[in-house]
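Commentary on secondary and tertiary structure
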Amino acid sequence: MIYPKPCNDSVAEQGDTIPKIFKGLFIMKKSLLAGASALLACSPTMLMAEEGMWLPSQTGSLAADLKAAGLELDPATLGDLNRPPLTAIASLGGCSAAFLSPQGLVATNHHCVAGSLQYNSSPENDYLTNGFLAKTLGDELPAAPGSRVYVIEDLRNVTTAMLKGADKLDGRARYDRLQANRTALIEACEKQANRRCDVRAYFGGQQYWLQQQLEIKDVRLVYAPAAGVGNFGGEKDNWMWPRHTGDFSFYRAYVAPDGSSAGFSKDNVPFKPKAWLPIAKDGVKDGDFIMVAGFPGTTERLRTAEEARFYYEELYPYQQRMLAEYGDRIDELTAGNQAATIAYAATLQGVENYEKKIAGQMAGADAISLVEKKQAEEAGFRAWIKADPKREAQYGAALAELDRLIAESNAEALADAKRGMLGRGQLYGAARQLYRWANEQAKPDKDREPGYQERDRAFMTQGMQRIERRYVAEIDKALWADGIAEYRTLPADKRSAAFDAFMEGRDLASFYAATELGNTAKRMEWMGKSVADFKASSDPFIQLSVATYDEAMANEAKEKARSGTVQKARSQVMEARLAYAASQGKTMYPDANGSLRFTYGKVTGKAVDGQVWTPFTTAEGIVAKHTGRGEFDAPDKMIELIKAKDYGRYVAPELGTLPVDFLSTVDITNGNSGSSTLNARGEFVGLAFDGTIEGVVSDWMYDPKINRTIHVDSRFMLWTMEKVDGADRLLKEMGVQTN
């Protein structure tokens, strides 16, 4: 599964590679840092073979290549945000999605709605296991608090406004100027009602573009197949091929009767999008051109060789070990308790997914000699600078400064990760957020930290509400105890003096016995309380958040100053790398940063160490894997239909049977989950949902020989909906004729 890793207003500076789902697992020292630091994470990379996560504005320059690859649309149409297909593409704020009907029906991955399935589940109605289908509009369930559908409206260049007054600044002054410029641009954009805007960096800060989206706040769960379809194969098959997972589900976007965005209300009506994707009458076959459109998070392809060495030799091995232990601990603590298993299901799924991805990245790096290749490429770049005295004078100092800053960051990163273990306790994390919220509310809104402004109130509120369905006191206490134990393996001079002083002589049981933060109503009351109220509180978690706040803010101030220095040095080095690529006649595209992109390639398999991976898996493979228990427990009705070969019109002529999943060469990463797969005519043919384990190293380096994306085939989706689950209402809505 491809989990989100967006580069947005809540993501720290380059160096933080932890998806938002793991906030509290590895909170680096920039964990409270946000805003302008997000401008540092996005850099350009060079085109090689099929790689490339392209901007809509680049379709003109790619026109000849797109046509040669098989695109039947006008490339100019493809890049127009006011016309399909791109105007039908949506974001869920971490996953990607698309409208498939004029009634706001949104298709995405099953694992992207797992949180909403979990939130609505109980031992009596276990939608996580059994699936969910709303028979009517009135039966559709509210998605988990904080769920959104973002409809892309505009991408515009704001480079001049972003860099105004920043050119000659360094350190904290540069950080503050960039943040002030960014805040002003977002504030102006969001004066339009119900818009969510963000400014992101492209080409290492050579350009800045503002992304404007309509924010739809009433999102409802419409349909999700059973776990034995949507998560068939579970963690065993995750990142693997052959794959037989029906990783698809549906939300619906709702708005007020006047068409404006509004929170949940029984009076709301389905949103009417400008466009929706037509369902292809014919599926794809081996060799066909396809595109994927979505919101990829971040890639690391222009990090330095030393950064790559450190991550793969030191940081990733530690993170993988911690995640493996964390997942095992959740399994142990929830065993035999269905309610607890449901409460921690989404967390566990994310932990296991990310642990396996890191393992794949490390194996992939070894397979392609990633670090050695990065070192060789970088040696050529550095030699190019040294070969010309003018280039050395222009870029040499910035390169040396970046080297120094990276060495400094690497030296602290493992300690940062261990300090981040303190965030494993949900109530401690909630207390810290709430106290920061109270402090920020005392400032004018424009001066508040991103994430704590008025525009963020709904997200903050809903985040606090979500805890009630994902929290069990005894389990939280045990997980926090494990996190504290790991943190305490640090030498004293690397630990938090304020945290240690407060915890002296206290046991964790006393925290959970005396707190009221586990009660949702009591927790929500703190959203409106003052700093003085926090300081007067006797709640131990509140007291701890107050006691550690000043130290955290002092560390944040240092990190902001460092971030400004890093941004200046890295942007100058990126300028040099752009010039170096141009000198070689190479095409460039910006690194993924959470903004709308499209990528194209073809349906194809590959050879793997004496094996041949055919590009399609088929329904018969489900029966072959089916055990009737655990991760390989497909619905009985599905097994019966497959054994009877009751596939109807969904048979692929070239295969003579029903396709389930297929492989392609398109270039995706975290955040592409739920991205629609389109054929050469821009018609819907499936959803991207995963990559293969040896190819996940593509976050750092794309290799067309090993990189493959896994898609669920639209024919399997439609067959499951019609034959297995009886979702005829939805099929009719999408314009699909049923028997």
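To start, this report covers the structure provided alongside it. (Residues numbered from 1 in each chain as written. Predicted model: local features only at pLDDT ≥ 70, side-chain atom pairs only at ≥ 80, totals over all residues. Heavy atoms only, no water.)

**What about the overall build of the chain?**
- Scanning the chain from terminus to terminus reveals 25 helices and 22 strands.
- For 739 residues, the compact-globule estimate of 2.2 N^0.38 gives 27 Å, and the C-alpha radius of gyration of the chain, at 25 Å, lies within 12% of that figure.
- Its C-alpha atoms give the chain principal-axis dimensions of roughly 70 × 70 × 55 Å.
- When each of the 739 residues of the chain is scored for burial, the buried share is 61%.
- Pairs at least 24 residues apart make up 79% of the contacts formed inside the chain by residues separated by at least 6 positions.
- For the chain, the exposed surface amounts to about 26,900 Å²; the carbon and sulfur share of it is 51%. (Helix = DSSP H or I, 4+ residues; strand = E, 2+ residues; numbered from the N terminus. Rg over C-alpha atoms; globule rule 2.2 N^0.38 Å. Buried < 20%, exposed > 50% of the residue type's maximum accessible area, 1.4 Å probe, protein only. Contact = heavy atoms within 4.5 Å. Areas by Shrake-Rupley, 256 points an atom, 1.4 Å probe, with all protein chains shown as cover.)

**Notes on the layout of surface pockets**
- Considering only enclosed or pocket space, the largest pocket measures out at about 900 Å³ in volume.
- As for the largest pocket, its lining consists of 33 residues, of which L128, T129, A227, N231 and G630 are closest to the centre.
- Elements with a contribution of two residues or more to the lining of the largest pocket: α4 (127-130), α7 (227-230), α8 (234-237), α9 (305-334), α10 (338-343) and α11 (345-368).
- Partitioning the lining of the largest pocket into residue classes produces 13 nonpolar, 12 polar and 8 charged. (1 Å grid on protein atoms, 1.4 Å probe; cavity = no way out; pocket = protein on both sides within 12 Å on 5 of 7 lines; lining within 4 Å. Points joined across faces, edges and corners; volume = space filled by probe spheres on them. Nonpolar A, V, L, I, M, F, W, Y, C, P; charged D, E, K, R; others polar.)

**Here's the deal with the packing of aromatic side chains**
- Going through the model one piece at a time under the given rule, you end up with 33 aromatic pairs.
- Their ring planes at 70 degrees and their centres at 5.4 Å tell us that Y312 and W700 sit as a pair that is edge-to-face. Here Y312, found in helix α9, pairs with W700, found in the loop between β21 (684-691) and β22 (709-713); they are 388 residues apart in sequence, far enough to count as distant.
- A centroid spacing of 5.3 Å and a plane angle of 45 degrees characterise the contact between W480 and F541, whose relative ring orientation is tilted. (Phe/Tyr/Trp six-rings, centres within 6.5 Å; stacked < 30°, edge-to-face > 60°.)

**Description of the sheet that holds strand β19 (residues 659-664)**
- Taken in spatial order, the 7 strands make up an open sheet running β15-β13-β20-β21-β22-β19-β18, and their pairing is antiparallel. Strands with a single pairing partner mark the edges of an open sheet, and in this sheet they are β15 (597-602) and β18 (616-618). For this sheet, the mean inter-axis angle between neighbouring strands, taken without regard to orientation, is 30 degrees.
- Sheet analysis places β18 next to β19, joined by 2 bridges and oriented antiparallel. (Pairing = 2+ DSSP bridges. Axes fitted to C-alpha atoms, helices over the stretch in contact; angles between N-to-C directions.)

**Quick word on the pairing of strand β8 (residues 195-202)**
- Among the 8 residues of β8, 7 are classified as buried, and the element is accordingly described as predominantly covered.
- When β8 meets strand β9 (residues 207-216), the two strands line up antiparallel, connected through 8 bridges. Paired with Y202 across the strands is Q207, a residue of β9.
- Remark: 4 residues form the turn of the hairpin made by β8 and β9, two consecutive strands paired antiparallel; F203 in that turn has positive phi of roughly 50 degrees.

**Looking at the side chain of E440**
- By the secondary structure assignment, E440 is in helix α14 (residues 426-441).
- The buried category is assigned to E440, whose relative accessible area is 1%.
- Within the structure, E440 has its side chain in polar contact with the backbone nitrogen of E449 (distance 3.1 Å).
- Apart from the residues lying within four places of it in its own chain, the contact partners of E440 are D447, R448, E449 and Y452. (Polar contact = N/O pair within 3.5 Å; in protein donor to acceptor, adjacent residues only side chain to side chain.)

**Observations regarding the state of the cysteines**
- For the structure shown, the criterion picks out 2 disulfides.
- The disulfide partner of C95 is C112, and the S-S distance across this bridge is 2.2 Å. Handedness of the C95-C112 disulfide follows from its S-S torsion of about -85 degrees: it is left-handed. Taken together, the residues C95 in the loop between β2 (89-91) and β3 (96-99) and C112 in the loop between β4 (105-108) and α3 (114-120) connect sequence positions 17 residues apart. (Disulfide = S-S within 2.5 Å.)

**Here we look at the packing of α14 against helix α21 (residues 540-583)**
- Packing of α14 against α21 leaves a shortest axis separation of 9 Å and a crossing angle of 65 degrees. When the axes of α14 and α21 are compared, the crossing they make is right-handed. Along the contact surface, α14 presents L427, Y428, A431, R432, Y435, R436 and N439, while α21 presents F541, I542, L544, S545, V546, T548, Y549, M553 and E556.
- Residues that form the contact of α14 with α21 fall into these classes: 10 nonpolar, 3 polar and 3 charged. (Left-handed = near helix turned anticlockwise from the far one by under 90°.)

**Structural notes on helix α6 (residues 171-189)**
- Taking 1.5 Å per residue as the helical rise, α6 with its 19 residues ought to reach 27 Å, and the 28 Å between its terminal C-alpha atoms agrees with that figure.
- Every buried residue of α6 is accounted for by G171, R174, Y175, L178, Q179, N181, R182, T183, L185, I186 and C189.
- Contacts from the buried residues of α6 go to β7 (149-157), α5 (159-163), β8, β9 and α21. (Expected span 1.5 Å × (residues − 1).)

**Some details on the nonpolar core**
- Ranked by size, the top nonpolar core spans 71 residues in total, and within it F250, I622, M638, F716, W719, M721 and M734 carry the most contacts.
- The biggest single contributor to this core is helix α24 (residues 714-724), with 6 residues.
- Not counting chain neighbours up to four residues away, the residues in contact with M734 comprise L100, L105, F250, I279, L718 and M721. (Core = buried A, V, L, I, M, F, W, Y, C linked by side-chain atoms within 4.5 Å.)

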